[in-house]
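Observations on the model geometry
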Amino acid sequence: MFPVLLPTYNRTDVGFVRGEGPYLFAEDGQRYLDFGAGIAVNAFGHAHPRLVAALTEQAQKLWHTSNLYRVPGQESLAKRLTEVTFADTCFFTNSGVEACELAWKMARRYQYVSGKPERFRIICFQGAFHGRTMAAIAAGGNPKYLEGFGPKVEGFDSIPPGDLKAVEAAIGPETAAILIEPVQGEGGVRVMSPEYLRGLRKLCDDNGLLLIFDEVQTGVGRTGKLFAYEWTGITPDIMPIAKAIGGGFPVGACLATAEAAKGMTAGTHGTTYGGNPLAMAVANAALEMALEPDFLPHVEQIANYMQQQMGRLLAEYPQVFAEIRGQGLLLGLKLKVPNVEFVNAARRAGLLVVGAGDNVVRVLPPLTITEEHVREAMEKLSAAAKTFETNP
Ligand SMILES: *Cc1c(COP(=O)(O)O)cnc(C)c1O
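Residues numbered from 1 in each chain as written. Predicted model: local features only at pLDDT ≥ 70, side-chain atom pairs only at ≥ 80, totals over all residues. Heavy atoms only, no water.

A word on the side chain of D214. Relative to the helices and strands, D214 is located in the loop between β10 (210-213) and β11 (238-241). Of note is the side chain of D214, whose polar atom sits 2.7 Å from the side chain of H130. A polar contact is formed between the side chain of D214 and the backbone nitrogen of V216, at a distance of 2.9 Å. Beyond its immediate stretch of four places on either side in the chain, D214 contacts C100, F129, H130, L179, I180, E181, P182 and P240. (Helix = DSSP H or I, 4+ residues; strand = E, 2+ residues; numbered from the N terminus. Polar contact = N/O pair within 3.5 Å; in protein donor to acceptor, adjacent residues only side chain to side chain. Contact = heavy atoms within 4.5 Å.)

Rendered as structure tokens:
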């Protein structure tokens with residue numbers, strides 16, 4: 001019999017029924033320390049009282065009206081987001097990939113209304129991940145995700161990251177924009193250097209291109225800044241975000257400067273659900289928490305502690321771990337043993353972590369964790385690493 005759930009995931013046989021802070025509880029009562037945070041989504045842990053209150057209060061008032069009417073929660077969230085970022089304007093979506101899709105449409109439309117309709121190509125990077133729609137698999141360029149889905153959506157040019165000369169060479173008369181994750185998440189936690197990102201900014205400025213930072217995974221405090229672009233001294237023109245901004249409620253946003261967004265006039269884009277009152281209630285509360293004065297300093301401090309502790313782990317198990325990568329609490333352990341097996345071993349030890357490309361295991365805890373949680377994670381990572389020690 002064909003599975004009732006489309007079998008596109010190799011799911012782990014564990015079902016969670018309850019969460020509390022950084023812990024998840026399975027059907028059998030087993031407790032897990034969740035250092036995957038729903039793939040960088042549960043930045044405030046599970047069942048945070050402020051998010052629960054925001055959602056339940058809104059749920060009793062109004063769920064959905066459509067975007068044919070003003071949505072007050074969108075206005076307050078957009079006001080806050082534009083106050084604390086480079087952006088002048090926001091569009092709310094239900095997911096990361098929808099925010100990305102709008103970013104690409106916006107870049108093309110910008111060139112179109114700037115009298116350059118021939119410019120529609122977007123330079124993107126090997127190892128990137130932008131989601132699973134037809135355009136997103138073209139932008140990601142991962143052959144595994146493209147296979148069997150017909151002709152690749154036209155206009156995405158994938159090149160290796162890290163080499164400004166290669167980017168310069170890839171810019172042609174049809175290029176509209178450059179699209180990059182400041183830290184490649186799914187691709188294996190590869191941090192792009194500030195110099196490189198500044199170089200991309202300059203290439204965009206010199207060639208009339210828009211710079212798109214996909215901060216779906218890096219955004220809302222994950223790297224220790226509210227957004228990863230803040231580490232670079234430059235700003236993008238367009239920035240899709242999602243994951244942590246909803247703290248677990250599905251919501252995304254595409255942020256942009258007024259100039260980059262100038263082509264997006266009435267009727268050029270839309271969504272039925274995007275930015276509905278439930279999503280906005282939660283996202284407003286999540287952003288409020290991320291903007292509290294203690295929040296980002298806490299992320300930086302706990303990330304430093306975590307990186308130190310992971311360094312010790314690396315030294316202790318050189319036959320298991322090859323390298324630590326990442327920024328803030330977007331951390332990766334490059335392994336010498338298969339990452340899928342390590343993720344399973346960690347889970348058996350009571351710790352959830354997430355695989356990534358390049359044989360990396362991602363460690364993406366809630367940003368609210370304490371040193372005690374870090375120590376507990378280290379014990380469990382250590383227990384997992386021990387299972388790979390070869391017997392003499
Ligand atoms: C997760 C992710 C996406 C896609 O988000 P979905 O909500 O799964 O559509 C896009 N870009 C990056 C960098 C991501 O990490």
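By the assigned domains, the chain splits into domain 1 (16-48 + 294-386) and domain 2 (50-290). Averaged C-alpha coordinates put domain 1 and domain 2 at centres separated by 26 Å. Both faces considered, domain 1 and domain 2 share a buried interface measuring about 2,400 Å² in area, 62% of it formed by carbon and sulfur atoms. The tally of links from domain 1 across to domain 2 stands at one salt bridge. (Domains from an automatic or database assignment. Buried area = accessible area lost by both parts, 1.4 Å probe. Salt bridge = Lys/Arg side-chain N within 4 Å of Asp/Glu carboxyl O.)

In this section: the sheet that holds strand β16 (residues 354-356). Strands sit in the order β13-β14-β17-β16 across an open sheet of four strands; the sheet is antiparallel. Since the sheet does not close on itself, it has two edges, and those belong to β13 (321-327) and β16, each with one partner. Between one strand and the next, the sheet's axes are offset by a mean angle of 30°, whatever the strand orientation. By the bridge criterion, four bridges tie strand β14 (residues 330-335) to strand β17 (residues 360-363) in an arrangement that is antiparallel. Bridge pairing in β17 places G332 opposite R362. Strands in contact with helix α10 (residues 295-316) are β13, β14 and β17; relative to β13, the strand with the most contacts, it is inclined by about 170°. (Pairing = 2+ DSSP bridges. Axes fitted to C-alpha atoms, helices over the stretch in contact; angles between N-to-C directions.)

Another point: the sheet that holds strand β15 (residues 351-352). Pairing within the open sheet is mixed, and its four strands lie in the order β1-β2-β3-β15. What marks the edges here is a single partner per strand, and that holds for β1 (16-20) and β15. Summarising the sheet, β1 and strand β2 (residues 23-26) pair through four bridges and their orientation is antiparallel. The residue of β2 that forms the bridge with G19 is L24. On the sheet, helix α12 (residues 371-386) packs against β2, β3 (31-34) and β15 and is oriented at approximately 110° with respect to β3.

Centre-to-centre distance and the angle between the planes together describe a pair of aromatic rings. All told, the structure shown has 10 aromatic pairs when counted by the stated rule. Pairing F16 with Y32 gives two aromatic rings, centres 5.6 Å apart and planes at 85°, and the pair type is edge-to-face. Of this pair, F16 sits in strand β1 while Y32 sits in strand β3, placing them 16 residues apart in sequence. Between the aromatic rings of Y317 and F321, the centroid separation amounts to 6.5 Å while the plane-to-plane angle is 80°, which identifies the pairing as edge-to-face. For the pair shown, Y317 and F321 are each scored as buried. Through successive ring pairs, a cluster of aromatic residues spans Y317, F321, F342 and F388. Directly above the aromatic system of F25 lies the positively charged group of R18, at a separation of 4.1 Å from the ring centroid. A cation over an aromatic ring shows up here: R132 above the ring of Y145, its NZ or CZ 3.6 Å from the ring centre. (Phe/Tyr/Trp six-rings, centres within 6.5 Å; stacked < 30°, edge-to-face > 60°. Buried < 20%, exposed > 50% of the residue type's maximum accessible area, 1.4 Å probe, protein only. Lys NZ or Arg CZ within 6 Å of the ring centre and 35° of its normal.)

Attention now goes to the UniProt feature "binding site: N(2)-acetyl-L-ornithine" (unreviewed entry) in the chain. The UniProt entry lists R132 and T271 under the feature "binding site: N(2)-acetyl-L-ornithine" (unreviewed entry), expressed in the numbering used here. Relative to the elements of secondary structure, R132 occurs in the loop between β5 (121-125) and α5 (134-140). Sequence-distant contacts of R132, defined by excluding residues within four places in its chain, comprise V97, I137 and Y145. Setting aside chain neighbours within four positions, we find T271 in contact with N67, F91, F92, N94 and E98. Separated by 3.5 Å, the side chain of T271 and the backbone nitrogen of Y273 make a polar contact. (UniProt positions renumbered as here; feature names shortened; annotations may be inferred.)

Moving on: the UniProt feature "modified residue: N6-(pyridoxal phosphate)lysine" (unreviewed entry) in the chain. Within this structure's numbering, the places UniProt gives as "modified residue: N6-(pyridoxal phosphate)lysine" (unreviewed entry) are K243. Checked against the element boundaries, K243 lands in the loop between β11 and β12 (252-256). When neighbours within four sequence positions are excluded, K243 is seen to be in contact with I39, A40, V41, E186, V216, Q217 and V251.

With burial as the criterion, each face of β17 is covered, one bearing V360 and R362 and the other bearing V361 and V363. Bridge count for β16 against β17 is three bridges, and the pairing is antiparallel. Across the sheet, V354 pairs through a bridge with R362, a residue of β17. Where β16 hands over to β17, the hairpin turn is made up of three residues, of which D358 adopts a positive phi near 65°.

What follows deals with the side chain of Q217. Structurally, Q217 can be placed in the loop between β10 and β11. A relative accessible area of 6% means that Q217 is categorised as buried.

On to the nonpolar core, then. Grouped together as the largest cluster of nonpolar side chains are 86 residues, with contacts concentrated most on M306 and F342. Here this core spans two domains, since at least three of its residues come from each of domain 1 (16-48 + 294-386) and domain 2 (50-290). The contacts of F342, once residues within four sequence positions are left out, are V320, F321, L335, V337, V361, L381, A384, A385 and F388. Membership of the second largest hydrophobic core comes to 27 residues, among which are A103, A136, A138 and A261. (Core = buried A, V, L, I, M, F, W, Y, C linked by side-chain atoms within 4.5 Å.)

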